Amino acid sequence: MVLLNKPFDVLCQFTDNSTPTRKTLADFITLPGVYAAGRLDLDSEGLLLLTNCGKTQHLISDPKHKMAKTYWVQVEGNITDAVLHQLSSGVQLNDGLTSPAIAQHLNAPDIWQRQPPIRERANIPTSWLSLTITEGRNRQVRRMTAAVGFPTLRLIRSQIGDWTLGDLAPGQYNVISL
């Protein structure tokens, strides 16, 4: 199993046929025969698991297993307890109500600077929350925070099941045995 800190603006695949080509996992992972167990959007960062085992990949990425995934989310505005309760209870999205989540205030984590940096507005504060979900809908966390009035500025996955990002810097990976 490979734990990778996927940087911002990197595709969650090993090839890219677009012009110009974008950075892919191949720019960071040189190990043969591994593939991503799940995905992170181009504009999201953090923990990505890669494996060479189909059973492990299925356990991690198949929604029926409901493996918890925790994200550190920087949002525009001061997040309130009422909004955290709303996120915890489930949010109505265009594809249905989300499952209950675990939403908590988070002090700004001690993390790397993103390149490029997030957009900042002088008169609008930002805040951080930790959000743990068991679903994996397309851009779910971003859609959830937007639905409650707090657009996501930065999204970092910090944990999948029992695996954590730890102190991996962007682009760094660690190989572990299961």
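Look up: the structure comes first, before these words.
For every chain, the first residue of the written sequence is number 1, and numbering continues from 1 onward in sequence order. pLDDT decides what is reported in this predicted model: residues at 70 or higher carry local features, side-chain atom pairs at 80 or more are listed and counted, and totals for whole chains, interfaces and linings draw on all residues regardless. Calculated side-chain values reflect all of the structure's heavy atoms, with hydrogen atoms and water omitted.

**What to know about the environment of Ala 68**
Stated precisely, the cut-off is as follows: The helix and strand labels rest on DSSP assignments: H or I over at least four residues marks a helix, E over at least two residues marks a strand, and numbering proceeds from the N terminus.
For Ala 68, the position within the fold is in the loop between α1 (54–61) and β4 (69–76). As for Ala 68 and Gly 136, which are separated by 68 residues in sequence, their C-alpha atoms are 9.5 Å apart.

**Some remarks on the packing of aromatic side chains**
Convention followed: Centre distance within 6.5 Å is the pairing criterion for rings of Phe, Tyr and Trp, where only the six-membered ring of Trp is used; planes under 30 degrees apart are then read as stacked, over 60 as edge-to-face, and the remainder as tilted. Counted as over-ring charges are cases with an Arg CZ or a Lys NZ within 6 Å of the ring centre that also lie within 35 degrees of the ring normal.
Across all of its chains, the model carries zero aromatic pairs by this definition. Above the face of the Phe 8 ring, Arg 114 is positioned so that its terminal group lies 3.9 Å from the ring centre.

**Description of helix α3 (residues 140–147)**
Let me state the cut-off plainly: Burial classes: relative accessible area under 20% of the type maximum marks a residue as buried, over 50% as exposed, and values in between as partly exposed (1.4 Å probe, protein chains only). In what follows, a contact means two residues having at least one pair of non-hydrogen atoms within 4.5 Å.
Turning to α3, its buried residues are Gln 140, Val 141, Arg 142, Met 144 and Thr 145. Structurally, α3 contributes buried residues whose contacts are with β4, α2 (81–89), β5 (92–93), β8 (126–133) and β9 (152–160). Backbone geometry just after α3 places Gly 149 at a positive phi near 90 degrees.

**Describing the layout of surface pockets**
The gaps left among the atoms become clear once a water-sized probe is rolled over them. The line we're drawing: Every definition here rests on a 1 Å grid over the protein atoms only: cavities are sets of points where a 1.4 Å probe fits but cannot get out, pockets are open sets enclosed by protein on both sides within 12 Å along at least five of seven lines, and lining residues have some atom within 4 Å of a point. Grid points are joined across faces, edges and corners, and a volume is the space filled by probe spheres set on the points. Side-chain classes are defined by residue name, with Ala, Val, Leu, Ile, Met, Phe, Trp, Tyr, Cys and Pro counting as nonpolar, Asp, Glu, Lys and Arg as charged, and the others, Gly among them, as polar.
Size it by volume and the largest pocket reaches roughly 530 Å³. In terms of lining, the largest pocket is formed by 30 residues, of which the most central are Arg 39, Tyr 71, Gly 136, Arg 137 and Arg 157. Broken down by secondary-structure element, the contributors of at least two residues to the lining of the largest pocket are α1, β4, α3 and β9. Split by residue class, the lining of the largest pocket holds 13 nonpolar, seven polar and 10 charged. Of the voids in this model, the second largest pocket is the one considered here, and its volume is about 190 Å³. Around the second largest pocket sit 13 residues that line it, and Gln 74, Gln 113, Ile 118, Glu 120 and Arg 154 are the ones nearest its centre. Along the lines of polarity and charge, the residues of the lining of the second largest pocket split into seven nonpolar, three polar and three charged.

**Observations regarding empty space enclosed by the protein**
Summed over all chains, the structure comprises one cavity of 30 Å³ or more. In this model, the largest cavity occupies a volume close to 30 Å³. Every residue along the wall of the largest cavity is listed here: Glu 76, Arg 119, Glu 120, Arg 121, Ile 124, Thr 126 and Leu 153. Within the lining of the largest cavity, the residues separate by chemical class into two nonpolar, one polar and four charged.

**What about the nonpolar core?**
As a reminder of what qualifies: Here, nonpolar core means buried Ala, Val, Leu, Ile, Met, Phe, Trp, Tyr and Cys residues that are tied together by side-chain atoms lying within 4.5 Å of each other.
Of all hydrophobic cores here, the largest spans 31 residues; its most connected members are Val 73, Leu 87, Leu 129, Leu 131 and Met 144. Of all the secondary structure elements, the ones that give two or more residues to this core are β1 (2–6), β3 (45–51), β4, α2, β8 and α3. Every residue in contact with Leu 129, bar those within four places of it in the chain, is listed here: Tyr 71, Trp 72, Val 73, Val 75, Ile 79, Leu 84, Leu 87, Gln 104, His 105 and Leu 106. Counting residues in hydrophobic clusters, the runner-up holds 15 residues, among them Leu 3, Leu 49, Trp 112 and Trp 128.

**Notes on the side chain of Gln 140**
Selection rule: We define a polar contact as two N or O atoms separated by no more than 3.5 Å, with the added condition that, inside protein, one atom must be a possible hydrogen donor and the other a possible acceptor, whereas residues neighbouring each other in sequence contribute only through side-chain atom pairs.
With respect to the helices and strands, Gln 140 occurs in helix α3. On the basis of relative accessibility, which here comes to 3%, the residue Gln 140 falls in the buried class. Engagement of the side chain of Gln 140 in a polar contact is seen with the backbone nitrogen of Arg 137, the distance being 3.1 Å.

**Observations concerning the pattern of salt bridges**
Here the idea is simple: oppositely charged side chains can pair when their charged atoms come close. Rules: Salt bridges are defined by distance alone: a side-chain nitrogen of Lys or Arg within 4 Å of a carboxyl oxygen of Asp or Glu.
Throughout the structure, instances matching the rule amount to nine salt bridges. Here Glu 45 and Arg 154 are joined by a salt bridge, their closest N and O atoms 2.7 Å apart. One end of the pair, Glu 45, is in strand β3; the other, Arg 154, is in strand β9, and 109 residues separate them in sequence. Each member of the pair, Glu 45 together with Arg 154, is buried. With a closest N to O distance of 3.2 Å, Arg 137 and Glu 135 form a salt bridge.

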